[in-house]
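Descriptive structure summary
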Amino acid sequence: MQKGVNCSSRIAQRALFTPLKACKSVGGFHTPVRETEQPSQTPGASRGHCRGVRTGASLDSDRDPVLTGRSNVRHIKGILPVVYKQRVMDISTKTASEIMFATGNANKLREVVAILEAGRPLPFTVKAANLDLPELQGEPQEIAKEKCRLAAQQVGGAVMVEDTSLCFNAYEGLPGPYIKWFLKALGHEGLPRMLAGFDDKSAYAQCIFAYSPGPGAEPQVFVGRTQGRIVPSRGATAFGWDPVFQPEGFQETYAEMDKTVKNTISHRYRALDKLRDYLLNFSAPE
Ligand SMILES: O=c1[nH]c(=O)c2ncn([C@@H]3O[C@H](COP(=O)(O)OP(=O)(O)OP(=O)(O)O)[C@@H](O)[C@H]3O)c2[nH]1
Ligand SMILES: [Mg+2]
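Residues numbered from 1 in each chain as written. Chains lettered and ligands numbered in written order. Predicted model: local features only at pLDDT ≥ 70, side-chain atom pairs only at ≥ 80, totals over all residues. Heavy atoms only, no water.

Going by what an unreviewed UniProt entry lists, the protein is known as Inosine triphosphate pyrophosphatase and is assigned to Coccomyxa viridis. In its Subcellular location (unreviewed entry) section, the UniProt entry covering the protein states "Cytoplasm". Quoted verbatim from the Sequence similarities (unreviewed entry) heading of the UniProt record, the comment on the protein is "Belongs to the HAM1 NTPase family." (UniProt positions renumbered as here; feature names shortened; annotations may be inferred.)

Structure representation (structure tokens):
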């Protein structure tokens, strides 16, 4: 078994119960609030756990001001010849041949668009739904599944979501799915400093896509991993922890390499390619 995947380990529990308590103290599950919107009513939210308190879109440099507007759905180009910056659509426009990609992260969306564009076309239209999905706590696959169930309820149809982890082997897989909060607290300088006392700087980036054909259906998960190591920050700081992750076999960090290269070796590419296979097989004529 891969080292460090199990986030229910004692280390993980010690590190993670603080945010859970913090959430309980504000009334259980915390649904994030966008600057431009009222607090969202996340179906099933009370069943969930919180892995942190996201207080607004302005905290997240991955958030695109366009994506945080009033409407929350738009086409992704590539699957259909529709450009990313094209018109914003209402969620009620979806049809049976559409899949919503639910995320609040504009950088993820850009990569998903690029990866889907570069590969075999899907017999579905994929649209982006800018949902403010809760930051859940638990095993990465369970987080992705529950995120997907919640998204399917909100969208009322076929949906895909993804959840990304950055796992330090010296920490038995942590920060894992909690990397968002570690990055916010420690920044690009602080993440490599976490490993200062360790010889083992190895890490892996993990992306888990979850797909559901609709509310009530059990989501399917697709895991993609890229091995690498944590290095002092190098390259553009536009996307998350890209500057501190150097994939195995490369001299550059994710942030330094060309996007077209990252999108052929990344954790996101590997997971999305599996989902693409699944969708193609699933929908292929007999
Ligand atoms: O350098 C990076 N390269 C990547 O390829 C990448 N993918 C995700 N991330 C960051 O890791 C956390 C995951 O948390 P996460 O999966 O919950 O995402 P999110 O909350 O931003 O969006 P979403 O949950 O609405 O989809 C967030 O801080 C993301 O910005 C990345 N950083
Ligand atoms: Mg998230």
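Looking now at helix α4 (residues 179-193). With 15 residues, α4 ought to run about 21 Å at 1.5 Å a step, yet its terminal C-alpha atoms sit only 14 Å apart, falling short of that. A maximum bend of about 105 degrees is found in α4 at Gly 187. Among all positions of α4, only Ile 179, Trp 181, Leu 183, His 188, Gly 190, Leu 191 and Pro 192 are buried. Considering only its buried residues, α4 is in contact with β5 (159-168), β6 (175-176) and β8 (220-230). (Helix = DSSP H or I, 4+ residues; strand = E, 2+ residues; numbered from the N terminus. Expected span 1.5 Å × (residues − 1). Bend = angle between axes of the 7 residues up to and from the residue. Buried < 20%, exposed > 50% of the residue type's maximum accessible area, 1.4 Å probe, protein only. Contact = heavy atoms within 4.5 Å.)

Our focus in this paragraph is the UniProt feature "binding site: Mg(2+)" (unreviewed entry) in the protein. On the UniProt side, "binding site: Mg(2+)" (unreviewed entry) is annotated at positions that read Glu 135 and Asp 163 here. For the annotated residues, spread through 29 residues, the largest C-alpha to C-alpha distance comes to 9.3 Å, consistent with a single compact locus. Considering the arrangement of structural elements, one finds Glu 135 in the loop between β4 (125-129) and α3 (140-155). Within the structure, Glu 135 has its side chain in polar contact with the side chain of Lys 180 (distance 3.0 Å). Among the structural elements, Asp 163 can be located in strand β5. (Polar contact = N/O pair within 3.5 Å; in protein donor to acceptor, adjacent residues only side chain to side chain.)

According to the stated counting rule, one finds 16 salt bridges in the structure shown. Notably, a salt bridge pairs Glu 98 with Lys 127, separated by 3.1 Å at the nearest N-O pair. Of this pair, Glu 98 sits in strand β3 (residues 98-102) while Lys 127 sits in strand β4; the two residues are 29 residues apart in sequence, bridging distant segments of the chain. With a relative accessible area of 10%, Glu 98 lands in the buried category. On the accessibility criterion, Lys 127 (1% relative accessible area) is buried. Connected through salt bridges with shared partners, the residues Lys 108, Glu 111, Glu 162, Asp 242, Lys 259, Lys 262 and Arg 268 form a single ionic network. (Salt bridge = Lys/Arg side-chain N within 4 Å of Asp/Glu carboxyl O.)

Topologically, Lys 145 is positioned in helix α3. In this structure Lys 145 comes out as buried when scored by relative accessible area, which is 17%. For Lys 145, the contacting residues outside a window of four places in its chain are Ala 210, Glu 218, Pro 219 and Val 221.

If a strand is regular, its side chains alternate between the two faces of the sheet. Of all five residues in β4, five are buried; the element is thus mostly enclosed. Of the two faces of β4, the one carrying Thr 125, Lys 127 and Ala 129 and the one carrying Val 126 and Ala 128 are both buried. One ladder, built from five bridges, connects β3 with β4; its direction is parallel. Looking across to β4, one finds that Glu 98 is bridged to Thr 125. The parallel pair β3 and β4 is bridged by helix α2 (residues 106-118), and the resulting crossover is right-handed. (Pairing = 2+ DSSP bridges. Right-handed = clockwise from strand over helix to strand, strands pointing away.)

Next up on the list: α2. In an α-helix, one full turn covers 3.6 residues, which means residues spaced three or four apart are oriented alike. In a regular helix each residue adds 1.5 Å, so 13 residues correspond to 18 Å; α2 covers 18 Å between its end C-alpha atoms and thus fits that length. All of the buried residues along α2 are Ala 106, Asn 107, Lys 108, Leu 109, Glu 111, Val 112, Val 113, Ile 115 and Leu 116. At the N-terminal boundary of α2, the capping side chain belongs to Asn 105, with an oxygen 2.9 Å from the backbone nitrogen of Asn 107.

Bridge analysis of strand β7 (residues 202-212) against β8 gives 10 bridges, and the strand direction is antiparallel. Paired with Phe 209 across the strands is Phe 222, a residue of β8. Pairing geometry for β8 and strand β9 (residues 245-247), over three bridges, is antiparallel. Across the sheet, residue Arg 229 finds its bridge partner in β9, namely Gln 246.

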